[in-house]
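# A closer look at the structure
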Amino acid sequence: MALVDDCSHEKVLQKENSINIDKERYRLLELYCGIGGMRFALDAARIAYEVVAAIDINPVVNTIYQHNFGSQGHYQKNILSFTTDDIEDMKLDIITMSPPCQPFTRVGLKKDTEDERSKSFLHILKIINELQRKPFYCLLENVQGFENSEARNALIQTMETSGYRYQEFLLTPQDFGIPNSRLRYYLIAKLREERFSFIESQQLLREMPNVNSYRFQCPKNCHKINIDEKKVCSLKQFLEKSDENFEPYLIPDHVLLKYWSVLDIVNENSCNSCCFTKAYHRYAQGTGSVLLSNQPSECFICHVAQCAVGIKVQMYIVVARRT
């Protein structure tokens, strides 16, 4: 398993005049690149770009990123080591970033800017403010709760003093027809000379303007109306068909019998799945959905009577069981 170690800036930074650049391509810096979610989004949006550098300090996600996109331009590096001149030399068009969410998450200590993990983000904001040549666009993603943080206030101050117009959102994949609940904070920003295709607001928006332009196009037109009256595609369209043996991933019977009532159990026809967290394999409740096998011989039915908001609800929950 090869990883790129921390290296000199000369090796990390591709100077604009060092290679033949197609001027129709945006020069992209991915900070906190993770497994490459921002890059997947750019590909899906059919935006032409070249990655100047993709940076993350986590060796596990770096391995996955390199599996997804290869190792060219990707580096395992501490963002705090970058200087303003380093970023200036990149001559960037776009910066994307997903800073650590632990300082703002509801289950954390909420130390905000006092958290050590916020230092690199504040460092990048300082650099952006000092740049003579600002990137045309900035895109940031973080956990719900970031919108009420001091880090968010520092971000907005940087955007305003650096000459950006911006819009903040709280959005979930369901807003775009994708069957997953993952409410996240987003900020999109562009230099003031560039206008948005909508009128920006000082308010935090809960939906994307002209959302139908960005909705997932289901090849089988299987969109259903969910409980929030949103058109959402079923999970079937996103599950990979594979001959792989999934036996090692089955939930043991003793776990099912103990925790079935708190597991979020979905099948391929479901129009939702829960947000996955790093505690997915350790805790049963609130860490992500589990997929139900659709083979009748592997199932049994549990009938449960529950009360919800004073109303008796009959629930029939089918859970996978090994025979």
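Structure shown above.
Heads up: these notes are all about the structure in this document. Starting from 1, residues in each chain are numbered consecutively following that chain's sequence as written. In keeping with the predicted nature of the model, local features appear solely for residues at pLDDT of at least 70, side-chain atom pairs appear and are counted solely at 80 or more, and the whole-chain, interface and lining totals rest on all residues. With hydrogens and water stripped out, all remaining heavy atoms of the structure feed into the side-chain values.

### Thoughts on the nonpolar core
If you look at the biggest cluster of nonpolar residues, it comprises 36 residues, and the most contacted ones within it are Leu29, Leu31, Met97, Phe121 and Leu155. Strands here are runs of E lasting at least two residues and helices are runs of H or I lasting at least four, both read from the DSSP assignment and numbered beginning at the N terminus. It is helix H5 (residues 119–130) that provides the largest number of residues to this core, a total of 5 residues. Residues are treated as being in contact if the distance between any of their heavy atoms lies within 4.5 Å. Every residue in contact with Leu31, bar those within four places of it in the chain, is listed here: Ile55, Ile79, Ile95, Thr96, Met97, Ser98 and Ile124. Definition used in this section: a nonpolar core is a set of buried Ala, Val, Leu, Ile, Met, Phe, Trp, Tyr and Cys residues joined via side-chain atoms within 4.5 Å. Burial status follows relative accessibility: with a 1.4 Å probe on protein chains alone, a residue under 20% of its type maximum counts as buried, one over 50% as exposed, and anything between as partly exposed. In terms of nonpolar packing, the next biggest core, distinct from the first, is built from 9 residues, Leu28, Cys33, Tyr65 and Phe69 among them.

### So, the pairing of strand E5 (residues 137–143)
The element E5 is largely enclosed, with a buried count of 5 among its 7 residues. Following DSSP output, two strands are said to pair if at least two bridges run between them. Direction of pairing for strand E4 (residues 94–97) relative to E5: parallel, over a ladder of 4 bridges. Pairing of Thr96 across the sheet is with Leu139, part of E5. Here is how to tell: hold the view so the strands point away, follow the path from the first strand over the helix to the second, and if it runs clockwise the crossover is right-handed. Running through H5, the crossover from E4 to the neighbouring parallel element E5 is right-handed. As paired strands, E5 and strand E7 (residues 184–191) are joined by 7 bridges and run antiparallel to one another. Bridge pairing links Cys138 to Ala189 in E7.

### Some points on the pattern of salt bridges
Each salt bridge in this description consists of a side-chain nitrogen of Lys or Arg and a carboxyl oxygen of Asp or Glu lying within 4 Å of one another. On inspection of all chains with the given rule, the structure shows 9 salt bridges. Ionic pairing is found between Asp115 and Arg117, a salt bridge with its closest N-O pair at 3.0 Å. For Asp115, a relative accessible area of 6% gives the class buried. Take Arg117: its relative accessible area is 41%, and that puts it in the partly exposed class. A salt bridge links Glu268 to Lys236, with the shortest nitrogen-to-oxygen separation between them at 3.9 Å. In this pair, Glu268 is assigned in the loop between strand E10 (264–266) and strand E11 (289–291) and Lys236 in the loop between strand E9 (231–232) and helix H7 (253–259), connecting sequence segments 32 residues apart.

### Details of the packing of aromatic side chains
The pairing test for Phe, Tyr and Trp rings, Trp by its six-membered ring, is centres within 6.5 Å, and the orientation test on the planes gives stacked under 30 degrees, edge-to-face over 60, and tilted for anything in between. Under the definition given, this model contains 10 aromatic pairs. Seen in terms of ring centroids, Phe136 and Tyr137 are 6.4 Å apart; in terms of plane orientation they differ by 70°. Their pairing is edge-to-face. One aromatic cluster in this structure is built from Phe104, Phe121, Phe146 and Tyr185. In this scheme, Lys NZ or Arg CZ marks a charge over a ring once it lies within 6 Å of the ring centre and within 35 degrees of the ring normal. For Lys77, the ring lying beneath its charged end belongs to Phe82, and the centroid distance is 5.8 Å. Directly above the ring of Phe136 sits Arg133, whose terminal nitrogen or CZ lies 5.6 Å from the centroid.

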